[in-house]
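Next come the chains, spelled out residue by residue.
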Amino acid sequence: MVPRPFENYIRSEDPNNDRNLLTILVAAIMGTAVLWFSQFAEFQVYPSDITDNDNLMRLVQAQDLLAGQSWYDPVQYRLGLEGGTVMHWSRLIDAPIAAAMFLGGEDFALIIWPLFLSVVTLAGVLYGAFKFGGREALFPAMIAGFGAMWGLKRFWYGALDHHNVQIALLTWCVVLILPKHASPGTMVISGILCALMMAIGIETLPHVALIGFWVFCALIFNVHSKQNAAAYAFGLAATSLVLVPLLLPPSQWGQASCDSFSIFQVSISLIGSFALMYATAFSRATTRTAVLVAGGAAGFLIVQLFFPACLAHPFADLPPLLREFWLDRVVETKSALEIAGKNPLNLLTYFGLPLVSVAVCIAAIYLGYERGSATLFLMLIIAGTLVATWQVRGVMFVVMVSLIPLAVAVTIAREHTIKRGTAVVTALMMALYIASFAPVWSLPAYAWVPLQGAIGVDQSPAEDYAYVPEELDFCYNRELYAVLADEPSGVVLSSTNNGPMVLVTTPHRAIAGPYHRNIDGIMFQIEVLMSPPEKARELIMQAGVTLIADCVAGADAVDFYNAEPEGFQAQLIDDFRQFDWLQVIPQTADQPLRIFRVIYR
């Protein structure tokens with residue numbers, strides 16, 4: 001039996017008493033204040049424009065909800081070809097943003113929503129650090145939490161996308177079930193939050209499943225009582241059922257959707273929850289294990305029989321052109337190997353902090369320190385890291401969770417330093433402090449290009465490094481769309497990335513937007529801009545396009561120009577005056593967004 005050498009270094013205090021909860025909240029507010037002041041210092045003033053498509057689109061969703069669109073109507077009528085695009089995003093995110101807009105306007109919502117989530121998320125990290133490592137772990141957790149939220153940029157001004165909510169919910173789902181000081185109350189809350197997290201986005205379904213599996217293992221090995229396990233299962237099952245009438249009209253209760261909340265996710269949730277609750281009725285570990293195996297087999301069989309499409313790759317059937325000119329350019333859906341192909345040191349950016357946390361968890365398990373909690377952290381971090389080898393966005397969901405073991409490791413090393421003062425232990429403490437500060441792991445990637453030059457590595461193709469366009473070049477500036485907004489309501493053909501900007505700033509319908517349910521709109525845009533001009537004109541007239549917003553330096557324009565030099569996009573850039581069926585709308589000189597009226601004859 002490995003001894004517990006660190007037992008005397010960490011005080012065991014209840015984080016749930018009023019004094020400690022207040023300390024955690026104050027620390028979370030202080031860390032969030034530093035985060036927000038630092039970003040305003042970088043911008044000098046409030047950033048005037050949102051440059052993330054998902055944040056822009058969420059703003060449009062909230063605007064439409066405030067304007068009277070039905071709670072149960074998921075169609076974005078101003079996106080895509082005629083009839084609009086059925087979105088897969090949850091009203092659970094639209095509602096609080098719309099409420100903030102109703103109370104204080106758009107600018108208020110752009111500030112208060114990510115600010116609130118910053119406090120909630122950092123409080124979750126601090127609460128978990130307190131449970132896992134005592135009061136002494138709060139300060140290193142606050143520093144590490146600030147660094148991670150800065151690096152992720154999911155909690156900055158204007159961050160309306162749902163990923164920050166998922167990060168916050170996952171953090172609290174985990175820390176509420178840590179064995180020390182857990183109770184049926186905290187377990188049921190964790191189950192509720194896991195159900196909400198699953199309903200908001202399918203990306204976190206593996207984490208919900210893994211948390212449920214860990215609770216089951218904790219029951220078998222008596223880390224959690226059967227009351228705790230049953231409470232978690234009840235919270236998950238009950239909330240999943242309540243969300244059905246809340247988010248879906250009766251006509252859709254039996255319809256499966258792989259990428260949004262539906263009977264598919266509810267079925268998986270209920271099977272796992274009922275298996276866990278049923279297992280608590282038995283005292284023998286072998287019987288409980290048999291129940292788990294039976295529940296898993298039943299879940300797999302039901303998915304195979306009724307939801308087989310949800311086991312397939314989500315982008316397997318995309319047309320090749322759509323994959324080449326859209327999906328392959330979406331960074332968060334790339335694999336880690338693809339990212340590393342251009343800059344190998346990017347692997348440290350994504351995996352450095354989680355892998356150090358994995359090492360800390362393994363050490364804690366070996367040394368006998370809070371093995372139940374360490375195992376939970378280890379499982380989740382490894383899962384997120386493995387997902388990231390397929391799609392790098394998998395890492396962001398476990399970064400905040402990864403900080404907690406690191407904060408405790410820093411605390412233990414600090415206590416060792418105070419008691420013994422050896423150079424080795426002091427160096428270890430400093431190394432852990434540095435390793436827990438997420439932005440540090442991005443520094444090697446920034447040094448890659450000059451490093452290549454220093455060691456004589458060929459940096460071709462030169463265009464990869466010669467010019468980095470400014471955000472204005474990609475047309476993320478509301479002032480650019482003022483002229484477009486003054487035009488009579490119509491249909492706009494623009495680049496995929498600028499579709500949400502068109503929706504936010506004008507009353508028009510944008511044909512293309514960077515969303516996988518907008519396949520027809522994106523394919524139409526690709527076909528038009530790569531076709532010969534006469535064919536492009538024919539397609540434009542058929543679709544009823546009235547305006548063209550051409551972002552000259554945008555990614556789409558450059559890609560289409562290079563791929564098809566004789567295509568409509570290339571000809572539009574080279575000499576738009578050759579088209580007598582287009583009328584240019586004057587803009588301020590040197591503006592990167594050129595706007596044309598389509599003349600019907």
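The structure under discussion appears in the preceding block.
Residues numbered from 1 in each chain as written. Predicted model: local features only at pLDDT ≥ 70, side-chain atom pairs only at ≥ 80, totals over all residues. Heavy atoms only, no water.

**Regarding the packing of aromatic side chains**
And step 1. This model, assessed by the stated rule, comprises 15 aromatic pairs.
And step 2. A connected cluster of aromatic rings, assembled from ring pairs, spans Phe132, Tyr369 and Phe377. (Phe/Tyr/Trp six-rings, centres within 6.5 Å; stacked < 30°, edge-to-face > 60°.)

**Quick word on the pairing of strand E3 (residues 491-494)**
And step 1. Every second residue of E3 is oriented toward a common face, with Val491 and Leu493 on one face and Val492 and Ser494 on the other, all of them buried.
And step 2. One ladder, built from two bridges, connects E3 with strand E4 (residues 509-510); its direction is parallel. Bridge assignment links Val491 to a residue of E4, and that residue is Arg509.
And step 3. In this fold, E3 hands off to helix H22 (residues 499-505), which returns the chain to E4; that crossover is right-handed.
And step 4. In the sheet, E3 pairs with strand E5 (residues 547-551) via three bridges, with the strands oriented parallel. (Buried < 20%, exposed > 50% of the residue type's maximum accessible area, 1.4 Å probe, protein only. Helix = DSSP H or I, 4+ residues; strand = E, 2+ residues; numbered from the N terminus. Pairing = 2+ DSSP bridges. Right-handed = clockwise from strand over helix to strand, strands pointing away.)

**Some points on the sheet that holds E3**
And step 1. Read across the sheet, five strands follow the order E4-E3-E5-E7-E6 without closing on themselves; strand pairing throughout is mixed. The open sheet terminates on both sides in strands that have one partner only, identified here as E4 and strand E6 (582-585).
And step 2. Those strands touched by helix H26 (residues 568-575) are E5, E6 and strand E7 (593-598), and its axis lies near 75 degrees from that of E5. (Contact = heavy atoms within 4.5 Å. Axes fitted to C-alpha atoms, helices over the stretch in contact; angles between N-to-C directions.)

**Quick look at the packing of helix H4 (residues 106-133) against helix H16 (residues 399-420)**
And step 1. At a minimum axis distance of 9 Å, the contact between H4 and H16 shows a crossing angle of 35 degrees. Read as a crossing pair, H4 and H16 show a hand that is right-handed. Between H4 and H16, the contacting residues are Thr121, Val125, Gly128, Ala129, Phe132 and Gly133 on the first element and Met400, Leu403, Ile404, Pro405 and Val408 on the second. (Left-handed = near helix turned anticlockwise from the far one by under 90°.)

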